[in-house]
Amino acid sequence: MNEFDLAIKGKFVVSFFHGVIENGVVGIKGNRIERVFREGEIEYDAKETIGGDDFIVMPGLVNAHTHAAMIAFRGLADDLPLFDWLQNYIWPAEAKFVDKKFIRTSLPIAAAEMLSTGTTTYADMYFFERDAAEVISQIGMRAVLAEGVINFPTPTASNWKKQLDYVREFIKDWLGHELVKPSIGPHAPYTTTPEILEKSRELAEKHNIPIQIHVAETQKEVEEIKEKYGDTPVRYLNSIGFLSELVVAAHSVWLDDEEIGIFADKHVGIASCPQSNAKLASGVAPHTKYIEKEAVLALGTDGDASNNSLDMFQEMKFMALVCKVHTMEPTSCPAEEVLKSATLRGARALGYHDLGDIREGYLADLVTVRINTPHGTPVYNPISHIVYAAKGTDITHVVVNGKLLYDGEFKTIDIERSFAEFNKIVRKIKDKFSR
Ligand SMILES: [Zn+2]
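Residues numbered from 1 in each chain as written. Predicted model: local features only at pLDDT ≥ 70, side-chain atom pairs only at ≥ 80, totals over all residues. Heavy atoms only, no water.

Got a minute to help me understand the overall build of the protein chain in this structure?
A count of helical and extended segments in the protein chain gives 16 helices and 15 strands. The C-alpha atoms of the protein chain give a radius of gyration of 21 Å, which matches the 22 Å a tight globule of 435 residues would have. By principal-axis analysis of the C-alpha atoms, the protein chain measures approximately 65 × 50 × 45 Å. Going through the 435 residues of the protein chain one by one, you find that 61% of them count as buried. Across the protein chain, contacts joining residues at least 24 apart in sequence account for 73% of those joining residues at least 6 apart. Of the accessible surface of the protein chain, which amounts to about 17,000 Å², a share of 48% is contributed by carbon and sulfur atoms. Considering the protein chain, the positive charge centre built from 47 side chains and the negative charge centre built from 62 side chains are found 4 Å apart. (Helix = DSSP H or I, 4+ residues; strand = E, 2+ residues; numbered from the N terminus. Rg over C-alpha atoms; globule rule 2.2 N^0.38 Å. Buried < 20%, exposed > 50% of the residue type's maximum accessible area, 1.4 Å probe, protein only. Contact = heavy atoms within 4.5 Å. Areas by Shrake-Rupley, 256 points an atom, 1.4 Å probe, with all protein chains shown as cover. Lys, Arg positive; Asp, Glu negative; His and termini not counted. Charge placed at Lys NZ, Arg CZ, Asp CG, Glu CD.)

Written out as structure tokens, the structure reads:
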């Protein structure tokens, strides 16, 4: 008799390794997947069983690029160009409002948004990430948290050297934690210097942790870097020896074929954020070329201030559609590639080699999607159903590291108290920015 701590049943279990299993069961012991099988195939006993015929069981989604605490700035300033949006709204708002309390107050709401729409791991680049680490580890989500390092003062520290010192302390205290990975976030080539990038790379290599950076988000950035360093962002980063499998390059919209090859050869993680890129009219990333080259193409939402949602289901559908219309080729970015970007390849980009699939030995991060709804039925192909028909709100159960964190109710977030605190901050932001 097989004994599991938790069994999750589905009309379909979506696994890349096993393929889709009809009437499947996932047996979990501790924080790992112990066995994946068809109902009736083995005898088993489980302390707890969830799911059933009305559900698809799938790997938890990996949001490979966001700024979670920016949830408090959702909708603050829409329909503006990137630099106007940053310089006239976001940066002033951050300077005035972002402190430790802001992070601690915003994150439970962001975590609730992510969990309730099926995201189990997220990669963050923001400030006071030590506080974020405490909040998120208590909630029980998986997170790769990059403290922002930039060539001007941040809410965390007054200059890049002090920002790096902060990262060193963060690494010292959190490296090896079972849910939180400390990471380093040199903001972008245009907001840093070769020295900042070099120091960031050294630190990341020393501890084998991810480096998160925005790369080639806009054409304006490409022109600026060309003028300053004589070459495009990716060639510039390559020339200073910055690129490796530790790097997670957010956006990566404006790359030529040679640069796409460089990213693929160096196994750079690419955190594409197609909705943010579309909303800010930055462009469309060359998804099909990344996929052809077998690059580590992951998917992210970017922050709530530029998306305005952390729902990865919306992001998956948009990625598939914008990719097709961009190439004028309906076969490009098929659903399975999109789902891989949102799960397995996202995990790979963030340095996990035992996450993002439903497979024996992998970390037990899984979610269930309700399909007994008018918009959720019928299901001919569960993978295309997930990408084209399902919604974040179809999520019914969320398991991270073997623990049930959400079943319609948040198990580890006091949601009413969290909203009360969050709304106080929102009121202050509204007072300042009411136009
Ligand atoms: Zn970003």
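I tried to follow the coordination of the zinc ion on my own but got confused; where do I start?
Expected angles at a metal are 109.5 degrees for tetrahedral coordination by four donors and either 90 or 180 degrees for octahedral coordination by six donors. Around the zinc ion, the donor atoms from the protein are His 65 (NE2), His 67 (NE2), His 214 (NE2) and Asp 302 (OD), and they sit 2.1 to 2.6 Å away. Every donor counted, the four donor atoms about the zinc ion form angles of 81 to 169° at the centre, which fits irregular coordination. A residue is classified by how much of its surface remains accessible, and His 67, at 9% relative accessible area, is buried. (Donors = N, O, S within 2.8 Å, 3.2 Å for Na, K, Ca; no water. Tetrahedral: all angles 85-135°; square planar, octahedral: opposite > 155°, others 65-115°.)

How do you make sense of the sheet that holds strand β1 (residues 2–13) when you look at a structure like this?
Hydrogen bonds along the backbone pair up the strands of a sheet, which may run parallel or antiparallel. If you walk across this open sheet you meet the seven strands as β3-β2-β1-β4-β13-β14-β15, and the pairing is mixed. For this open sheet the edge positions go to β3 (32–38) and β15 (403–406), each flanked by a neighbour on one side alone. Direction aside, neighbouring strands of the sheet carry axes that sit 30° apart on average. In this sheet, strand β2 (residues 21–29) lies alongside β1 in antiparallel orientation, the contact comprising seven bridges. Bridging from a neighbouring strand, Val 13 pairs with Ile 21 of β2. (Pairing = 2+ DSSP bridges. Axes fitted to C-alpha atoms, helices over the stretch in contact; angles between N-to-C directions.)

Would you mind showing me how to read the domain arrangement of the protein chain here?
In many reports, interface size means the accessible area that the parts give up when they come together. The domain boundaries assigned to the protein chain delineate domain 1 (2–59 + 367–400) and domain 2 (61–349). On a C-alpha basis, the centres of domain 1 and domain 2 stand 29 Å from each other. With 19 residues of domain 1 in contact, the opposing surface of domain 2 contributes 26 residues. The contact between domain 1 and domain 2 buries some 1,700 Å² in all, and 74% of this surface belongs to carbon and sulfur atoms. Ranking the residues of domain 1 by area buried against domain 2 places Phe 16, Tyr 388 and Val 400 at the top, with a combined share of 39%. Scanning the region where domain 1 abuts domain 2 turns up zero salt bridges. Breaking the side of domain 1 that touches domain 2 down by element, the ones donating at least two residues are β4 (44–59), β13 (366–370), α15 (382–389) and β14 (395–400). Tallying contributions element by element places α15 first for the side of domain 1 that touches domain 2, with five residues. (Domains from an automatic or database assignment. Buried area = accessible area lost by both parts, 1.4 Å probe. Salt bridge = Lys/Arg side-chain N within 4 Å of Asp/Glu carboxyl O.)

Could you clarify how one ought to interpret the layout of surface pockets in this entry?
Think of a ball as big as a water molecule: rolled over the atoms, this probe shows where empty space is left. The calculated volume of the largest pocket comes to roughly 440 Å³. In this structure, the largest pocket is lined by 28 residues; those nearest its centre are Leu 86, Trp 91, Glu 94, Phe 127 and His 187. Of all the secondary structure elements, the ones that give two or more residues to the lining of the largest pocket are α1 (82–97), β6 (119–126) and β7 (142–149). No other element matches the seven residues that α1 contributes to the lining of the largest pocket. For the lining of the largest pocket, a count of residues per class yields 17 nonpolar, eight polar and three charged. (1 Å grid on protein atoms, 1.4 Å probe; cavity = no way out; pocket = protein on both sides within 12 Å on 5 of 7 lines; lining within 4 Å. Points joined across faces, edges and corners; volume = space filled by probe spheres on them. Nonpolar A, V, L, I, M, F, W, Y, C, P; charged D, E, K, R; others polar.)

Looking at this structure, how should I read the pairing of β15?
Bridge count for β14 against β15 is three bridges, and the pairing is antiparallel. Note that in β15 the partner of Val 399 across the bridge is Leu 404. Between β14 and β15, which pair antiparallel one after the other, the connecting turn spans two residues, and Asn 401 there sits at a positive phi close to 55°.

What is the right way to read the side chain of Asn 277 from this model?
Mapped onto the elements of the fold, Asn 277 is located in helix α9 (residues 274–279). Ignoring any residue separated from it by four or fewer positions in sequence, one finds Asn 277 in contact with Glu 217, His 251, Val 253, Ser 282 and Gly 283.

Quick question: what am I supposed to make of the state of the cysteines here?
Such a bond, covalent and formed between the sulfur atoms of two cysteines, is termed a disulfide. Tallying each qualifying case throughout the model produces one disulfide. With no disulfide of its own, Cys 273 lies closest to Cys 333 among cysteine sulfurs, the gap being 15 Å. (Disulfide = S-S within 2.5 Å.)

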